[in-house]
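# Descriptive structure summary
Residues per chain are reported as follows:
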Amino acid sequence: MKKVGKSTFKFENCPIISDCFTIVGKKEGEGPLGLFFDMVVEDEYAGQKSWELAEGKLLNIAISKLIQKSGFPPDEVDLILSGDLLNQLTSSHFAIRDLDIPFIGLYGACSTFALSVGLACVFVDAGFAKNVIAATSSHFCSAEKQFRYPLELGCQRPPTAQWTVTGAASFLIKPEDGTQKPKITHFTVGKILDYGIKDSNNMGACMAPAAFDTITTHLEDTKRDFTYYDIIVTGDLGYVGRKLLEELFKKEGKTLSFELLDCGILMFDQKTQDTGAGASGCAASACVFGGYFYKLMLQKTFKRILIVPTGALLSSSTVQLGESIPVIAHALSIEIE
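All values derive from a computational prediction rather than experimental measurement.

This paragraph deals with helix H5 (residues 140-147). By the criterion of burial, H5 is predominantly enclosed, with seven of the eight residues buried. All buried positions along H5 are accounted for by Phe140, Cys141, Ser142, Ala143, Glu144, Gln146 and Phe147.

Below, the structure written as structure tokens:
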């Protein structure tokens, strides 16, 4: 592994995504990608007594099912890297407390998918671990209660608001073993930006500059242009953020060879599901990639994808204090031969 350019790590042995497991809620299962997810849970409580415990249960299922699907015992998992949106990583801690597997908690807000997979690759490529699970989760109800308003208040959502995905996803990162599985070649670490936006109901406007900065940095670091990739996919900019991102590229005179895709747009049908400006949450990019794009890569529909999950680094406290919202985006270059 070596650093190239400003902030990109190039992996020498290119760890692979050996397998993944996705689980989503009822609304996500009714969306355009519903058939691609491994499991759909009809009960948003997932049999638990609170939204927070429900999210932890979804994450526990995603990790446990991945271990079963992979066909090896839990004691062969060297490490779990996971994070979520709730205070002090509540969901991850409750999900993993009974698994008896070494754990490192991460917080990157909705960029946690890229953060956990990227760092898992660092451990594997450096030879510190052989089997690492990268995971993340989010839940509409728990996120609304923490960052905006409890659902019981019935507050009206503005047009710029996005719908937090209820779901979880886990990914098994291993050394390359000769199988035809997607491999991670580069991990570009983003930097925190803050343009003074304070509206927690306009995540797209907050995060678009971070996506622009990380994509631009990745291409400069790797000496690549847009044509290298079959597609570039952002995490959860939604309709507002995706439009702003395209405008930022046009302002810089950069012509895209294809339409930028966004997991926040792909997850729901905006017209029939009343999801506002699109999807958001840690599970947005994780479930859309794991459920949809991962399968398309196995089929060789896409061979080179740059996925750029974005995260708004706000908290319930900073929102109440009237602070602006810092943002970040990380990028993963994923390829299959």
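Next, the rest of the story.
Moving on: the pairing of strand E9 (residues 167-174). Burial of E9 is extensive: seven of the eight residues sit out of reach of the surface. Across eight bridges, the pairing between strand E3 (residues 16-25) and E9 is antiparallel. What sits directly across from Ile23, in E9, is Ala168. Bridge count between strand E7 (residues 132-138) and E9: seven bridges; the pairing is antiparallel. Bridging from a neighbouring strand, Ala135 pairs with Ser170 of E9.

Right, let's talk about unusual backbone geometry for a bit. You will see that Gln88, though not glycine, has its phi angle at about 55°, which is positive. Among the structural elements, Gln88 can be located in the loop between strand E5 (79-83) and helix H3 (90-96). At Leu89, a position not held by glycine, the phi torsion is positive, near 55°. Checked against the element boundaries, Leu89 lands in the loop between E5 and H3. Judged by relative accessible area, Leu89 falls into the buried class, the value being 11%.

Inside soluble globular proteins, nonpolar side chains tend to come together where they are buried. Among the nonpolar cores identified, the biggest contains 51 residues, and Val117, Phe171, Phe289 and Ile307 are the most heavily contacted of them. No other element matches the ten residues that helix H10 (residues 282-298) contributes to this core. Non-local contacts of Phe289, meaning those with residues more than four positions away in its chain, are made with Ile17, Phe113, Phe171, Tyr294, Met297, Ile307 and Ile334. Counting residues in each nonpolar core, the second largest holds 30 residues, with Phe147, Leu193, Val327 and Ala331 among its members.

Attention shifts here to the side chain of Gln273. Within the element layout of this structure, Gln273 appears in helix H9 (residues 270-273). The class of Gln273 is buried, set by a relative accessible area of 8%. Among all residues touching Gln273, those that are not within four sequence positions of it are Lys27, Glu30, Gly31, Pro32, Met267 and Phe268.

It is worth spelling out the pairing of E7 at this point. Where burial is concerned, most of E7 is hidden: seven out of the seven residues are buried. Taking every second residue as pointing to the same face, both faces of E7 are buried, with Val132, Ala134, Thr136 and Ser138 on one and Ile133, Ala135 and Ser137 on the other. With five bridges connecting them, E5 and E7 associate as parallel partners. Pairing of Ser82 across the sheet is with Ala135, part of E7.

Under the definition given, this model contains seven salt bridges. Across the pair Lys183 and Glu337 runs a salt bridge whose closest N-O atoms are separated by 3.0 Å. Here Lys183 is found in strand E10 (residues 183-188), whereas its partner Glu337 is found in the segment after strand E17 (331-335), with 154 residues between them in sequence. Overall, Lys183 belongs to the buried group, its relative accessible area being 13%. Note on Glu337: relative accessible area 57%, which makes it exposed. One network of salt bridges, with partners in common, ties together Asp19, Asp38 and Lys69.

Turning our attention to the packing of helix H2 (residues 51-70) against H5. Running from N to C, H2 and H5 cross one another at 135°; their axes reach a closest spacing of 8 Å. Viewed along their axes, H2 and H5 adopt a mutual orientation that is oblique. As H2 packs across H5, the resulting crossing turns out to be left-handed. Along the contact surface, H2 presents Trp51, Glu52 and Glu55, while H5 presents Cys141, Ser142 and Lys145.

Turning next to the environment of Glu152. Looking at the element boundaries, Glu152 is found in the loop between H5 and strand E8 (163-164). Residue classification places Glu152 among the exposed positions, given a relative accessible area of 65%. For the pair Glu152 and Gln180, spaced 28 residues apart in sequence, the C-alpha separation works out to 48 Å.

In the structure shown here, the tally under the stated rule is twelve aromatic pairs. Between the aromatic rings of Phe293 and Phe302, the centroid separation amounts to 6.2 Å while the plane-to-plane angle is 40°, which identifies the pairing as tilted. The burial state of Phe293 is the same as that of Phe302; both residues are buried. An aromatic cluster is built from Phe36, Tyr292, Phe293 and Phe302, whose rings are joined through pairwise contacts. Lying over the aromatic face of Trp163, Lys27 brings its terminal NZ or CZ to 4.5 Å of the ring centre. Its end group placed over the ring of Tyr228, Arg304 keeps NZ or CZ at 4.0 Å from the ring centre.

Conventions we followed
Counting from 1, residues in each chain are numbered in the order their sequence is written. Only residues with pLDDT of at least 70 get local features here, since the model is predicted, and only at 80 or more are side-chain atom pairs given and counted; chain-wide, interface and lining totals rely on the full set of residues. Side-chain calculation: all heavy atoms of the structure are included, whereas hydrogens and water are not. Remark: exposure states derive from per-residue accessible area (1.4 Å probe, protein chains only) relative to the maximum for the residue type, with buried under 20%, exposed over 50%, and partly exposed in between. Strands are runs of DSSP state E lasting at least two residues, helices are runs of H or I lasting at least four, and both sets are numbered from the N terminus onward. Here, a strand pair is defined by DSSP locating no fewer than two bridges between the strands. We define the nonpolar core as a collection of buried residues of types Ala, Val, Leu, Ile, Met, Phe, Trp, Tyr and Cys that are connected through side-chain atoms lying within 4.5 Å of one another. Note on contacts: a residue pair qualifies if any of its non-hydrogen atoms lie within 4.5 Å across the two residues. Salt bridge, as applied in this entry: a Lys or Arg side-chain nitrogen positioned within 4 Å of an Asp or Glu carboxyl oxygen. Only C-alpha atoms enter the line fits that serve as axes; for helices the fit covers just the stretch in contact. Angles between N-to-C directions range over 0 to 180 degrees. What sets the label is the angle itself: under 35 degrees gives roughly parallel, over 145 gives roughly antiparallel, 65 to 115 gives roughly perpendicular, and the rest give oblique. Take the far helix as your reference; a near helix turned counterclockwise from it by less than a right angle gives a left-handed crossing, and one turned clockwise gives a right-handed crossing. Between the rings of Phe, Tyr and Trp (Trp by its six-membered ring), a pair exists once the centres lie within 6.5 Å; its type follows the angle of the planes, with under 30 degrees stacked, over 60 edge-to-face, and the other angles tilted. Two conditions define a charge sitting above a ring: the NZ of Lys or the CZ of Arg must be within 6 Å of the ring centre, and it must be within 35 degrees of the ring normal.

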